[in-house]
Amino acid sequence: MHGYVTMGELMRDMNPLSGNLYLEALHMTRVAREAYVVIGGKYPHPETLVPGGVSTTITLQVFNEVYVRLQQFFDYSKKVVAIWDDITEFFYDANPDYRKVGMRAKN
């Protein structure tokens, strides 16, 4: 699903500022902010909230622009879920005691 053969490749691509997965995640945060800007105005200063909604006029064009950006997250989320499933299974295989994390009684 994600295209990585070994955990070493996957972990190398998660290195901050140099790994492809890290850079892709930075790009996706930008896409999310762009979608927010289309609806809410300047990020992080949104349009004014009023009872029953916001003071922004939402048109079909605005919905389409948000949808285009949101569409990118569907494929990206499937890839990220597959990556984290593989990382979790890698740790469980390395030490089965990781499955017991959180099983003890609370403090």
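Residues numbered from 1 in each chain as written. Predicted model: local features only at pLDDT ≥ 70, side-chain atom pairs only at ≥ 80, totals over all residues. Heavy atoms only, no water.

Colleague: Account for the overall build of the chain, naming residues and giving values.
Modeller: For the chain, the helix and strand inventory stands at three helices and two strands. Going through the 107 residues of the chain one by one, you find that 17% of them count as buried. Nonlocal contacts in the chain, meaning residues at least 24 apart in sequence, comprise 52% of its contacts between residues at least 6 apart. When the accessible area of the chain is evaluated, it comes to approximately 8,500 Å², of which 60% is carbon and sulfur surface. (Helix = DSSP H or I, 4+ residues; strand = E, 2+ residues; numbered from the N terminus. Buried < 20%, exposed > 50% of the residue type's maximum accessible area, 1.4 Å probe, protein only. Contact = heavy atoms within 4.5 Å. Areas by Shrake-Rupley, 256 points an atom, 1.4 Å probe, with all protein chains shown as cover.)

Colleague: Any details on a nonpolar patch on the surface? Residues and values, ideally.
Modeller: Together, L17, Y22, L23 and L26 line one region of the surface with nonpolar side chains, adding up to about 380 Å² of accessible area. Relative to the assigned elements, L23 resides in helix α2 (residues 20-40). (Patch = residues over 30% accessible without salt bridge, like charges linked within 9 Å, V, L, I, M, F, W, Y side chains within 5 Å. Salt bridge = Lys/Arg side-chain N within 4 Å of Asp/Glu carboxyl O.)

Colleague: Summarise the nonpolar core; cite the residues concerned and give the values.
Modeller: If you look at the biggest cluster of nonpolar residues, it comprises six residues: Y4, M7, L10, L21, I83 and I87. When contributions to this core are tallied by element, the ones reaching two or more residues are α1 (7-12) and α3 (60-94). Once residues within four sequence positions are removed from consideration, M7 is found in contact with D86, I87 and F90. (Core = buried A, V, L, I, M, F, W, Y, C linked by side-chain atoms within 4.5 Å.)

Colleague: Can you lay out α2 for me, pointing to particular residues and giving the numbers?
Modeller: With 21 residues, α2 should cover 30 Å at 1.5 Å per step; its first-to-last C-alpha distance of 30 Å lies within 8% of that length. Among all positions of α2, only L21, M28, V31, A35 and G40 are buried. The arc that holds the buried residues of α2, viewed along the axis, is 150°, so those residues lie on one side. Contact partners of the buried residues in α2: α1 and α3. Positive backbone phi, approximately 90°, marks G41, located one or two places after α2. (Expected span 1.5 Å × (residues − 1). Arc of directions from axis to C-beta.)

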